[in-house]
Each structure stands twice: as structure tokens, then as C-alpha cells.
Amino acid sequence: MGNTFGVSGLRGKANESLTADIVYRFARYLGNRMAALCTDSKDRPSVVIGKDTRISSDMFEAALSSGLAASGCDVYLLGVCTTPSVSYITKTCSFSCGVMVTASHNPYYDNGIKVISSSGEPMGDGIFAQSRPYVEGTEPSLPYAETTLIGRIIDYPQGKEKYIKHLISIPSNSIKGIRIGLDCANGASYAIAHEVFGALGADVTFINDSPDGLNINSGCGSEHLEVIRAIVKEKKLDVGFSLDGDADRCMAVDKNGAEVNGDNFSFIYAKYLKDKGKLPNNLVVGTVISNLGLRNALQANGIDYIETTVGEPTVRKCMLQHGAVIGGEQCGHMVFSQDSTTGDGILTALRMLDIMAEKKVGLDVLASPLVRVPQEYIFVRITDKKAVMADSDVKDVVNRISGELGQSGRLIVRASDTENLIRIMVEASTQELCRSYADQIIATIRRKGY
């Protein structure tokens, strides 16, 4: 994958497009910026850092720590932890900002940097784009902190402990009677998940919880539900959850192995709050990828729905604007704004388990009112996403299919923000027709050599 400077983060192939030197220089820029915001000469910026389990994450943590300390920031190291844990600690412990070393659901050889503002949300002011001239050496050097202003680097396990206590406090009902499967994707959640579910006394079968630096997301986690499905069926579990590498998303299967995704989570939680008279503004936020069945199920239960563009930051912004407390994406990025400022896979699982325990029913029963419209949502790995989206033949087949679908279905073709992928979503009258239309687009992309 290529290097990406943007508002959402910095990602690249470790030691190819994303090197320790790039990360160090970015940290120097970020550290100077944080120092400039400290108007009180006695004040001192503090930055908390977390990392996932990739082989390169230690290297990038060290580069970040050095660059930030050299710029006058005190650096607090959480060690291996999830992205939502960094968000939670940054906000609740009043850090100047937080940084997470992760490439989320990408393979181990990719890595990236996410920056979190003092409010616990991704820094949305384009800091990565703004840092680019300095990082690439086209702007003058930045000053170093000297003498007593040089930052310290401090191990901070108590931050992770505080986040674990927060998660433990989420369920209001005992989940001890539920037999649970949990796929940790060999990622950042493996230790935290054991502590949280252990403290709750839950009966959990953990899988993919032995990271070795190379196996994060490898044939497991939220993009490989067949793995947790097999465990649920084999062991006759009540439910199975799958996280991604940095645990900011969650997917599930019910006791029968049927997929339960972000659309289902949104409906289940919104209906739960609605039935209790506790759904603020009677509202759920979803995206254009959300299945039409979500809108139909919400409408049938008298719940309003707002649709926004793809991306958790967009969902979160819309929620804030309209006073919604639940929003999410089909892929399992869920925002429960009363509990968290960002997507949190473990929290999502706990919210679903809490409702299951209170209602004394399975996830299959809770999800059943949402009847999905036939839909295909697939991705195609290609060599140049910009060229594909600009290709006239690809545009022609997309326009033709959109015309054939008319008002009876939907077609969305978009490029991934972080990878060389094209994502295709088709809704039509039958699953076979959805697949046929998707295959026609894929065939055109292949024929053109992408």
C-alpha cells in the first residue's frame, strides 16, 4: 500500500513507504505543535501512545516516543492496547493528544499512525497533510527541546487498567450464563479481552489470541467470520464475536452461525433504548452502505434514521449534529456515544451480551426483525484505485447497471480510503442478481488489467 497523508491517518508498508524516519519526523512535527499549544510556561504537553501486535509496531512506538520527547512532550506508553482504549485514556486522563500505532484490519506488513485529540476523537484538522512538507524535508527544521524541557518517556500500565475497569462497568446484567466465542484476530485486544471477560466471569472460548507479530488479521478476525462460525457450531456456543486488529470494529454470528453485523447492532440497541423510553431524539445514524432492511426495521418500530457517507468519522459527526447516541457501519464500526467517543469492538460485544442477558434471548431473536434486502458487498484488490475509478469502461458498466436497477435496487462503487481496493455494493431483488451485477463490474476491472 502507498503512503497516505490525510485527516484519517498515515499508513504504509513498514520500512518501505512508511519508515521509522518518516514516523520520527512526523512525531517531531506533532510534538512541536503540541508544545506550541501550551501557553503556560509551567505547562508541558503529554502524549499517550498505544500499539497493536504487528512486528513493526515496537519500532514505530520507539520512533514516535523519541520524536515527541525531543520536541518537549512527556510520553506515556500504554503498550499493546486497542485504538478505543487510547481514545478513552486520552480524554479521561486529559492528555494533550493520543497516538495509536496500527493499520487496523490490514495485513501485518502494513502499519500506520492514528492521532487522537484531547476530546478522544480522531484529530480532524488535517494534521497529517499539514505535516507533509516538514516530513518530506521541504520545510525548515523544527527546534529541539533543551535542558529541562526535554520530554520523559514513561511506562503507563495504569491507563490500560482504567480502560479495562470502564469496560467491566458496561453490562448491567450478569453475562455468566452465556456461552461466548471471541476471535481476537491475533491483534491488540487479546490481553484486554481476557481481563475484561475474566473479571465478568464469562464463559468464553477465545481464538486467535496468540499474536506473534506476523499473524494479526491473518485468516481471522472481523473479515473472516467463517472462523468464528465454525467454532460456534462445533462447540454449540450461544454467540460468537470477531474483532479486527485494533479492535475498533466487531462482527458477530448467532448460535446458528448467521452473520450479525453493524446494521443489526444499530437496530438491536436502538430498539432496546426505544422500548425503555431512553432513545434520545428517537434517532439512528447509518451510512449509504447500510442495508435497506435496517431502514425498514427502524421505521416499523417508529425510529427515525439518517443516512450519511461511509466512514466512522462521518457517522460520529452526524450523530453529534443531530443528538444521536447510536450510529454505525455495516462492517462493525459502532459508536455508542454514551460510552465512547469512537468505535469499540469489545464494548459492542458487551452491549449485545447485556441485552441478551436482560431479555434472556439469543442474538438471533434480537436481530430477527431486521430482514435484509438481498445485497452483495465485496471488494476487489487492484493496482491503481484512481485509474479504476476514472476508467471510461468501468464508468459505462456502472452507469448501465444503475439504469437497469432503477428504483428497485442500489449500486455503489467506491475506492477504499486506505488500500488499493475497490468496494462494490449491490442491492437487487435477488441474491443471484446482486452477484451477477457485481461480477460484471469485476470482469470489466480485470479485463482492463487493473
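Reading the values: the criteria
- Residue numbering note: each chain is counted from 1, following its sequence as written.
- Owing to the predicted nature of the model, reporting of local features is limited to residues with pLDDT of at least 70; listing and counting of side-chain atom pairs is limited to 80 or more, with chain, interface and lining totals taken over all residues.
- The basis for the side-chain values is all heavy atoms of the structure; hydrogens and waters are excluded.
- Throughout, nonpolar core names a set of buried Ala, Val, Leu, Ile, Met, Phe, Trp, Tyr and Cys residues whose side chains join them through atoms within 4.5 Å.
- Summary of the burial criterion: residues with accessible area below 20% of their type's maximum are buried, those above 50% are exposed, and those between are partly exposed, where the area comes from a 1.4 Å probe applied to protein chains only.
- Where helices and strands are cited, they refer to DSSP runs of H or I of at least four residues and of E of at least two residues respectively, numbered from the N terminus.
- Every residue pair with non-hydrogen atoms within 4.5 Å of one another is taken to be in contact.
- Two strands pair under a simple rule: DSSP has to find at least two bridges between them.
- For every element, the axis is a line fit to its C-alpha atoms; helices are fit only across the contacting stretch, and the angle between N-to-C directions ranges from 0 to 180 degrees.
- For this classification, under 35 degrees means roughly parallel, over 145 means roughly antiparallel, 65 to 115 means roughly perpendicular, and everything else is oblique.
- Left-handed is the label given to a crossing in which the near helix is rotated counterclockwise from the far helix by less than a right angle, and right-handed is the label when the rotation is clockwise.
- Residue classes follow a fixed rule: Ala, Val, Leu, Ile, Met, Phe, Trp, Tyr, Cys and Pro count as nonpolar, while Asp, Glu, Lys and Arg count as charged, and any other residue, Gly among them, counts as polar.
- Every crossover in which the path from the first strand over the helix to the second runs clockwise, viewed with the strands pointing away from the viewer, is termed right-handed.
- Along the arc lie the directions from the helix axis toward the C-beta atoms.
- Stacked, tilted and edge-to-face are the three classes applied to pairs of Phe, Tyr and Trp rings, where Trp contributes its six-membered ring and a pair requires centres within 6.5 Å; stacked means planes under 30 degrees apart, edge-to-face means over 60, and tilted covers the rest.

Trainee: Which parts of the structure should I look at to understand the nonpolar core?
Mentor: Within soluble globular proteins, side chains that are nonpolar tend to cluster in buried spots. With 65 residues, the main nonpolar core has Phe-197 and Phe-241 as its most contacted residues. Residue contributions to this core peak at nine residues, all from helix 11 (residues 345-359). Dropping the residues within four chain positions of it, Phe-241 is found in contact with Ile-180, Gly-181, Leu-182, Asp-183, Ile-228, Cys-250, Met-251, Ala-252, Ala-349, Met-352 and Leu-353. Judged by nonpolar contacts, the second largest core, of 28 residues, contains Ile-22, Phe-26, Ala-27 and Val-99.

Trainee: Got a minute to help me understand the sheet that holds strand 19 (residues 421-427) in this structure?
Mentor: Two modes of strand pairing occur in sheets, parallel and antiparallel, and in both the strands are linked by backbone hydrogen bonds. Read across the open sheet, the three strands follow the order 17-19-18; overall the sheet is antiparallel. Looking at strand neighbours, the two that pair on one side only are strand 17 (375-381) and strand 18 (410-415), the edges of this open sheet. Neighbour-to-neighbour, the strand axes of the sheet open up by a mean angle of 10°, direction not taken into account. The sheet contact formed by strand 17 and strand 19 spans seven bridges and is antiparallel. Note on strand 19: the bridge partner recorded for Gln-375 is Glu-427. Across the sheet, helix 14 (residues 392-405) is in contact with strand 18 and strand 19; its angle to strand 18 comes to roughly 155°. Against the sheet, helix 15 (residues 431-447) touches strand 17, strand 18 and strand 19, its axis set at about 20° to strand 17.

Trainee: Before we go on, may I ask you to explain the packing of helix 1 (residues 20-37) against helix 4 (residues 127-135) in this structure?
Mentor: Orientation of helix 1 relative to helix 4, taken along the N-to-C sense of each, is 115°, at an axis distance of 9 Å. In this view, helix 1 runs roughly perpendicular relative to helix 4, as classed from their interaxial angle. The two elements helix 1 and helix 4 cross, and the hand of that crossing is right-handed. For the pair helix 1 and helix 4, contact is made by Ile-22, Arg-25, Phe-26, Arg-28, Tyr-29, Leu-30 and Arg-33 and by Ile-127, Phe-128, Gln-130, Ser-131, Tyr-134 and Val-135, respectively. Its residues placed into classes, the contact of helix 1 with helix 4 shows eight nonpolar, two polar and three charged.

Trainee: Any chance you could explain the pairing of strand 4 (residues 74-80) here in plain terms?
Mentor: The side chains of a regular strand alternate, first on one face of the sheet and then on the other. By the criterion of burial, strand 4 is predominantly enclosed, with six of the seven residues buried. For strand 3 (residues 46-51) and strand 4, the ladder comprises six bridges, and the chain directions are parallel. Residue Ser-46 lies in a different strand from strand 4, and its bridge partner there is Asp-74. The parallel pair strand 3 and strand 4 is bridged by helix 2 (residues 57-70), and the resulting crossover is right-handed.

Trainee: Sorry if this is basic, but what is going on with the side chain of Thr-348 here?
Mentor: By the secondary structure assignment, Thr-348 is in helix 11. Judged by relative accessible area, Thr-348 falls into the buried class, the value being 0%. When neighbours within four sequence positions are excluded, Thr-348 is seen to be in contact with Cys-250, Phe-265, Met-334 and Phe-336.

Trainee: Hey, could you run me through the sheet that holds strand 11 (residues 250-254) in this one?
Mentor: Pairing is mixed across the open sheet formed by five strands, whose spatial order is 9-8-10-11-12. A single partner strand is all that each edge strand has here, and the edge strands are strand 9 (203-207) and strand 12 (259-260). Judged from the five bridges that link them, strand 10 (residues 239-243) and strand 11 form a sheet pairing that is antiparallel. Among the inter-strand pairings, Leu-243 is bridged to a residue of strand 11, identified as Cys-250. Along the sheet, helix 6 (residues 190-199) contacts strand 8 (179-183) and strand 9; its crossing angle with strand 9, the most-contacted strand, is approximately 170°.

Trainee: When you look at the environment of Val-135 in this model, what are you seeing that I'm missing?
Mentor: Among the structural elements, Val-135 can be located in helix 4. Overall, Val-135 belongs to the buried group, its relative accessible area being 8%. Here the alpha-carbon distance between Val-135 and Ala-27, two residues 108 residues apart in the chain, equals 9.3 Å.

Trainee: I would appreciate a short explanation of helix 4 in the present structure.
Mentor: Because each turn of an α-helix spans 3.6 residues, side chains separated by three or four positions in sequence point in the same direction. When we look at burial in helix 4, the residues that qualify are Ile-127, Phe-128, Ser-131, Tyr-134 and Val-135. The buried side chains of helix 4 occupy one side of the element, clustering within an arc of 100° when seen end-on. In the segment just after helix 4, Gly-137 is the residue with positive phi, at about 85°.

Trainee: Teacher, can you tell me more about the packing of aromatic side chains here?
Mentor: Each aromatic ring pair is summarised here by two numbers: the centre-to-centre distance and the angle between the ring planes. Summed over the entire model, instances satisfying the criterion amount to eight aromatic pairs. Between Tyr-88 and Tyr-163, the ring centres sit 5.9 Å apart and the planes meet at 55°, which makes this aromatic pair tilted. With Tyr-88 in helix 3 (residues 83-92) and Tyr-163 in helix 5 (residues 157-168), the pair connects residues that are 75 residues apart, well separated along the chain. Judged by its relative accessible area of 1%, Tyr-163 is buried. With a centroid separation of 6.3 Å and 25° between ring planes, the pair formed by Tyr-269 and Tyr-272 is classed as stacked. You can see Tyr-269 and its partner Tyr-272 sitting in helix 8 (residues 262-275), three residues apart, about one turn around the helix. Judged on exposure class, the residue Tyr-269 and its partner Tyr-272 are both buried.

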